[in-house]
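Chain and residue survey
Listed below, chain by chain, are the residues.
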Amino acid sequence: MIRKPTLLDVAAAAGVSKSLVSLAVRGEGRVGDDTRRRILEAADRLGYRSNPWARSLARGRSQTIGVLVGDLRGYHVDVVRGVEDAAATAGSTVFFADGRRDPVVLAARLESMLSLGIDGVVVVSGLADAEALRAAVGRLPLVVVGRPRAVPEQVSQVCNDDRVGARMAVHHLAALGHRRIAHIAGSTREAALARRSSYEETMAALGVGSAVRVYDDPAALVVDVAGGSRDAPTAVFCATDNAAIATVGAAVDAGVDVPGRLSVVGYDNIEAASSLRPALTTVDQPRRRMGELAMVELTNLMAGGAARRSVVAPSLVVRRSTSAPLA
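Below is a summary of the structure that appears in this document.

Conventions used here
Residues numbered from 1 in each chain as written. Predicted model: local features only at pLDDT ≥ 70, side-chain atom pairs only at ≥ 80, totals over all residues. Heavy atoms only, no water. Helix = DSSP H or I, 4+ residues; strand = E, 2+ residues; numbered from the N terminus. Rg over C-alpha atoms; globule rule 2.2 N^0.38 Å. Buried < 20%, exposed > 50% of the residue type's maximum accessible area, 1.4 Å probe, protein only. Contact = heavy atoms within 4.5 Å. Areas by Shrake-Rupley, 256 points an atom, 1.4 Å probe, with all protein chains shown as cover. Phe/Tyr/Trp six-rings, centres within 6.5 Å; stacked < 30°, edge-to-face > 60°. Lys NZ or Arg CZ within 6 Å of the ring centre and 35° of its normal. Axes fitted to C-alpha atoms, helices over the stretch in contact; angles between N-to-C directions. Parallel < 35°, antiparallel > 145°, perpendicular 65-115°, else oblique. Nonpolar A, V, L, I, M, F, W, Y, C, P; charged D, E, K, R; others polar. 1 Å grid on protein atoms, 1.4 Å probe; cavity = no way out; pocket = protein on both sides within 12 Å on 5 of 7 lines; lining within 4 Å. Points joined across faces, edges and corners; volume = space filled by probe spheres on them.

**Some remarks on the overall build of the protein**
Each helix and strand in the protein was counted, giving 13 helices and twelve strands. Relative to the 2.2 N^0.38 estimate, which gives 20 Å for 327 residues, the radius of gyration of the protein is 26 Å and therefore markedly larger than a compact globule would have. Taken along the three principal axes of its C-alpha coordinates, the protein extends 90 × 45 × 30 Å. Evaluated residue by residue, the protein yields a buried proportion of 50% over its 327 residues. Sequence-distant contacts in the protein: of pairs separated by 6 or more residues, those separated by 24 or more amount to 66%. Total accessible area computed for the protein in this model is approximately 15300 Å², and 51% of it derives from carbon and sulfur atoms.

**Section: the packing of aromatic side chains**
Under the criterion given, the structure shown has one aromatic pair. Summarising the aromatic geometry, the rings of phenylalanine 237 and tyrosine 267 are spaced 6.4 Å apart at their centres and angled 50 degrees between planes, so their arrangement reads as tilted. In this pair, phenylalanine 237 sits in strand S8 (residues 235-238) while tyrosine 267 sits in strand S9 (residues 263-268), placing the two residues 30 residues apart along the sequence. The pair phenylalanine 237 / tyrosine 267 is uniform in exposure class, with both members buried. Over the face of the ring belonging to tyrosine 267 we find arginine 195, whose NZ or CZ atom lies 3.7 Å from the ring centre.

**Some points on the side chain of glutamine 157**
In this fold, glutamine 157 is placed in strand S5 (residues 156-160). If we skip the residues at most four places from it in the chain, glutamine 157 touches Val144, Gly146, Arg147, Pro148, Val151, Arg308, Arg309 and Ser310.

**Regarding the packing of helix H2 (residues 18-25) against helix H3 (residues 33-46)**
Following both chains from N to C, one finds H2 and H3 inclined at 95 degrees, their axes separated by 10 Å at the closest point. Between H2 and H3, the angle falls in the class roughly perpendicular. Of the residues in H3, those in contact with Leu20, Val21, Leu23 and Ala24 of H2 are Thr35, Arg36 and Ile39. Broken down by class, the residue content of the contact of H2 with H3 amounts to five nonpolar, one polar and one charged.

**Some thoughts on empty space enclosed by the protein**
Under the defined criterion, the tally for this structure stands at one cavity of 30 Å³ or more. In this structure, the largest cavity spans a volume of roughly 40 Å³. Elements with a contribution of two residues or more to the lining of the largest cavity: helix H6 (103-114) and helix H7 (130-136). Among the residues forming the lining of the largest cavity, the class breakdown is eight nonpolar, no polar and one charged.

**Side note on unusual backbone geometry**
Both trends apply: most residues other than glycine have a negative phi, and most peptide bonds are in trans. A cis amide bond links valine 258 with the next residue in sequence, proline 259, at an omega value of 10 degrees. Relative to the helices and strands, proline 259 resides in the loop between helix H11 (241-254) and S9. With an omega dihedral of 0 degrees, the bond running from arginine 277 to proline 278 counts as a cis peptide bond. Here proline 278 shows up in the loop between helix H12 (271-275) and strand S10 (281-284). Not every positive phi belongs to a glycine, and arginine 100 is a case in point at roughly 55 degrees. Relative to the helices and strands, arginine 100 is located in the loop between strand S2 (93-98) and H6.

Take a look at the structure:
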């Protein structure tokens, strides 16, 4: 078995005492810069395992950040990849934790991360509890990606413009000739509420406010379309891609052609959106860019900067799930 190098080995290689090596690896200020550098170089040569952490402590940073996700599915994954890529460029390591779509679990995971001695945390979730965020303020820099109900002033935030995205979706369907455009709300999260509100306002601005119909269940919408009534929706804007995919599935089961009898638009542009048949027209959140921006905001906070709000613009990705309504 290969013996791992010890503090004594480092001390011998650097020509100093073990106690001085101990001070250096702990980042204590009682070690001269030249001596500290010699010790760290000796540790590097010997492959002393604690040296990377020791080097970061000497700089006053752990060079690690935490990323807490509300869900390990959907758009969260690409946001996390954006954070991870930006962190790697900055020389930082990323620790992950899954909140499992539960605000209580999310708060517990955040509290656990606070005790790890990391430099900061990025929370990728709209489910983050305001009290849990407030409890973290002052203990380390914190950035939220998404739209929780409340974000403390000291916490930076990155999100996409949900209202603009919803407006794009409705205008796309209206430009194709649809007037009876329904909406599947999805949830009561802040992002979903913003998308619903924008849908209703856009319908009113287009002069078809009387056609506003909001569903919670894709199956209920498809039943109405399959029934063939004169006022049945010919198109639907769904608050999420998952709701849109469920809508297409319900339509297939009911024999409702998509997009012939029902055009469908989603929101998020998750990976499955392009794999669906017909491929899903959807509003794209620039998720990797949002992750990169979260790291920018975290770096700003770690440098002593003030918390900021960054809102990125979504874009519409037109695929085959939308077309002009049947005559």
